[in-house]
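Given next are the chains, with one letter for each unit.
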Amino acid sequence: MNATTADPGRIVLLTTSHRVAPGLLSWPAWQALRAADHVLCADAAHPQLPYLREAGIRVDEASWAAEELVAACAGGRTVVVVATGEGEPALTDGLARLAGSGRVPMPELELLPASYDLPGARLLDLVQVMDRIRAECPWSSQRTHKGLAKYAIEEAYELVEAIEDGDRDELREELGDVLLQVVFHARIAEEDTETPFSVDDVAAGIVTKLVHRHPHVFGDETASTPDEVREHWLRTKAEEKQRTSVTEGVPLGQPGLALAAKLASRVRTAGLDVPLPAGEGVGYELLALAARAESEGTDPEAALRAAARAYRDAIREVEA
């Protein structure tokens, strides 16, 4: 249908994500830009502008009021507004007031996302925020791996507590705190003069490990049960590590029950026949209990925490 002077036209509000490289726009966005009668952008430093101009799109660095924009659309014309990071609230509020007044015929208003965030895109924000904090915060700029180690332990325990409490809001927050520790350590590692690495190197390493240890997902092997998956994992892990003892890689600094259960698990998985050491005292009794719990598929640490929480509740009842 041909446009007439009575045709109020069309306003396209084009939004982009700063988490996607400038110039990578959707095909509908490029179509709208090329077909527009006017393209406006209030931000002369908008990262998309050099790429639009390189593609032959003429962009006016101007901020029009709602009335001006409506008038420019009269006669069936199309105006594309490349939105700034704030999303043009003043313009959209002005258009809403005009539409509510009923005084002027309003053009069609379309919100067109030109680029979308992919899953995980907000992690880029975290990396950028951490980078600035490391550079500008007097406390964060002085932290070291060793100085932060205790916080990683604390945050891990708080995460476990949130899981056991079943608090979804707390769980989300604690996962963020654990993630912060990873990004913080990776940012510090960038400054190492001998063997620097970045958060991208950390992510690349775990991606490579996951792909290699899941040949039933990314390769030609098959696994239909959790036991078969575990078998794949242990075999590929053994190939990677080339360890001479099943005790290698077991951190001795972890809580005692967890350490005992981990050692018992390594012995059982390897098919070794290793009697528990003979001895007297509560330590050897706890070792036997931890080994028994592991063989029965029970996490002794979690079991003891559950019992301790019940004990805490009993104490509070007596206190009340």
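Student: So, the overall build of the protein: which residues are in play, and what are the values?
Tutor: Counting its regular elements, the protein contains 13 helices and four strands. On C-alpha atoms alone, the protein measures out to a radius of gyration of 30 Å, which is more than a quarter above the 20 Å that the 2.2 N^0.38 rule sets for 320 residues. Looking at the 320 residues of the protein, the share that counts as buried comes to 27%. Across the protein, the fraction of contacts at a sequence separation of at least 24, relative to all contacts at a separation of at least 6, is 62%.

Student: So what's going on with a nonpolar patch on the surface? Which residues, and what values?
Tutor: A grouping of Ile206, Val207, Leu210, Val211, Val217 and Phe218 is seen on the molecular surface, where their side chains present a nonpolar patch of about 520 Å² in accessible area. Residue assignment for the nonpolar patch shows that the elements contributing at least two residues are α8 (199–212) and α9 (215–218). The leading source of residues in the nonpolar patch is α8, at four residues. In this structure, Val211 sits in helix α8. Looking at Val211, the relative accessible area reads 37%, which means it is partly exposed.

Student: How would you sum up the packing of aromatic side chains? Please name residues and give values.
Tutor: Here the structure, examined in full by the defined rule, presents one aromatic pair. When the ring of Trp139 is compared with that of Tyr151, the centres are 6.3 Å apart and the planes differ by 75°; the resulting orientation is edge-to-face. Taken together, the positions of Trp139 in the loop between α5 (122–136) and α6 (145–165) and Tyr151 in helix α6 put the pair 12 residues apart, joining distant regions of the chain. Looking at Trp139, the relative accessible area reads 41%, which means it is partly exposed. The positively charged end of Arg143 is found above the aromatic ring belonging to Trp139, 4.4 Å away from the centroid. Positioned above the aromatic ring of Trp233 is the side chain of Arg213, whose terminal nitrogen or guanidinium carbon lies 4.8 Å from the ring centre.

About the thresholds
Residues numbered from 1 in each chain as written. Predicted model: local features only at pLDDT ≥ 70, side-chain atom pairs only at ≥ 80, totals over all residues. Heavy atoms only, no water. Helix = DSSP H or I, 4+ residues; strand = E, 2+ residues; numbered from the N terminus. Rg over C-alpha atoms; globule rule 2.2 N^0.38 Å. Buried < 20%, exposed > 50% of the residue type's maximum accessible area, 1.4 Å probe, protein only. Contact = heavy atoms within 4.5 Å. Patch = residues over 30% accessible without salt bridge, like charges linked within 9 Å, V, L, I, M, F, W, Y side chains within 5 Å. Areas by Shrake-Rupley, 256 points an atom, 1.4 Å probe, with all protein chains shown as cover. Salt bridge = Lys/Arg side-chain N within 4 Å of Asp/Glu carboxyl O. Phe/Tyr/Trp six-rings, centres within 6.5 Å; stacked < 30°, edge-to-face > 60°. Lys NZ or Arg CZ within 6 Å of the ring centre and 35° of its normal.

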